[in-house]
Amino acid sequence: MFEWFGKVSFCPSTKVDAFAQHLKDGRIMGSRCKGCGRISYPPVADCPKCLSGDFEWMEMSGRGTVMTLTKISAAPAGFEDEAPFVIGVADLEETGRCLAWFGKTIPEEEIRIGMPVQVVPRIFEDIPEIKVYYTLEKPGTTWTKGSSA
Ligand SMILES: [Zn+2]
């Protein structure tokens, strides 16, 4: 199911590939180790702390703050026709970091390091090769199926 992420798929199948299905259902999921309770985002099947392979899914709030950002003009293979676009890394409230495109609720000139953002699951309708993704949006933005706002 990881091939849902796009034009270039380096990892078509993993133990956490239900992540993509959860995104399609509108949920951002991390993992919680059943051995030691460590929370991970992105989700990991095998705990780096206690090495247990036993985990459960945990829904994330999606709330975070912008840690860094960049404007991509020379896009990676497969995304040449999307450039230029702005991507950022958000520090998530619970744990972990999330690399994503900025959504339409945050105009490029308003993007600042440290600003609060909401990670919002998306189903891509403009690019057929990409089924699911997520964007960084203004706090309070909610997921709605087929919404491009
Ligand atoms: Zn663990």
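In short, a report on the structure. Treat the numbers as computed from the prediction; the structure is a model and nothing was measured.

Quick look at the overall build of the protein
Inference 1: Per the secondary structure count, the protein includes 1 helix and 8 strands.
Inference 2: Scanning the protein from its N terminus toward the C terminus, one meets helices and strands in the order α-β-β-β-β-β-β-β-β.
Inference 3: Scored against the burial criterion, the 149 residues of the protein give a buried share of 25%.
Inference 4: The contacts of the protein with a sequence gap of at least 6 include a subset with a gap of at least 24, amounting to 48%.

Here we look at the sheet that holds strand β3 (residues 55-59)
Inference 1: If you trace the 3 strands from one edge of the open sheet to the other, you get β2-β1-β3, paired in antiparallel fashion. Looking along the sheet, the strands with just one partner apiece sit at the ends: β2 (39-40) and β3.

Re the sheet that holds strand β5 (residues 85-92)
Inference 1: Strand order in the closed barrel formed by 5 strands is β4-β5-β6-β8-β7, with mixed pairing between adjacent strands. Across this sheet, the average inter-strand angle for adjacent strands is 50°, counted without regard to direction.
Inference 2: Where strand β4 (residues 63-72) meets β5, 8 bridges bridge the pair, whose relative direction is antiparallel. The residue of β5 that forms the bridge with Thr65 is Asp91.

Comments concerning the pairing of strand β7 (residues 116-123)
Inference 1: Two elements, β4 and β7, share 3 bridges in a ladder whose sense is antiparallel. Each residue of the ladder has a partner; that of Gly64, found in β7, is Val117.
Inference 2: In the sheet, β7 pairs with strand β8 (residues 132-137) via 6 bridges, with the strands oriented antiparallel. Note that in β8 the partner of Val119 across the bridge is Leu136.

Quick word on the nonpolar core
Inference 1: One finds Ile28, Ala90, Val119 and Leu136 to be the most contacted residues of the largest nonpolar core, which totals 21 residues.
Inference 2: Those elements that provide at least two residues to this core are α1 (18-24), β5, β6 (97-102), β7 and β8.
Inference 3: Counting contributing residues per domain, this core is built from domain 1 (2-59) and domain 2 (63-137), each supplying no fewer than three.
Inference 4: With residues near it in sequence (within four places) discarded, Ala90 still touches Gly64, Thr65, Val66, Met67, Arg97, Cys98, Ala100, Val117, Val119 and Leu136.

How each quantity is defined
- Residues numbered from 1 in each chain as written.
- Predicted model: local features only at pLDDT ≥ 70, side-chain atom pairs only at ≥ 80, totals over all residues.
- Helix = DSSP H or I, 4+ residues; strand = E, 2+ residues; numbered from the N terminus.
- Buried ≥ 20, exposed ≤ 12 C-beta atoms within 10 Å, placed from the backbone.
- Contact = placed C-beta atoms within 7 Å.
- Pairing = 2+ DSSP bridges.
- Axes fitted to C-alpha atoms, helices over the stretch in contact; angles between N-to-C directions.
- Core = buried A, V, L, I, M, F, W, Y, C linked by C-beta atoms within 7 Å.
- Domains from an automatic or database assignment.

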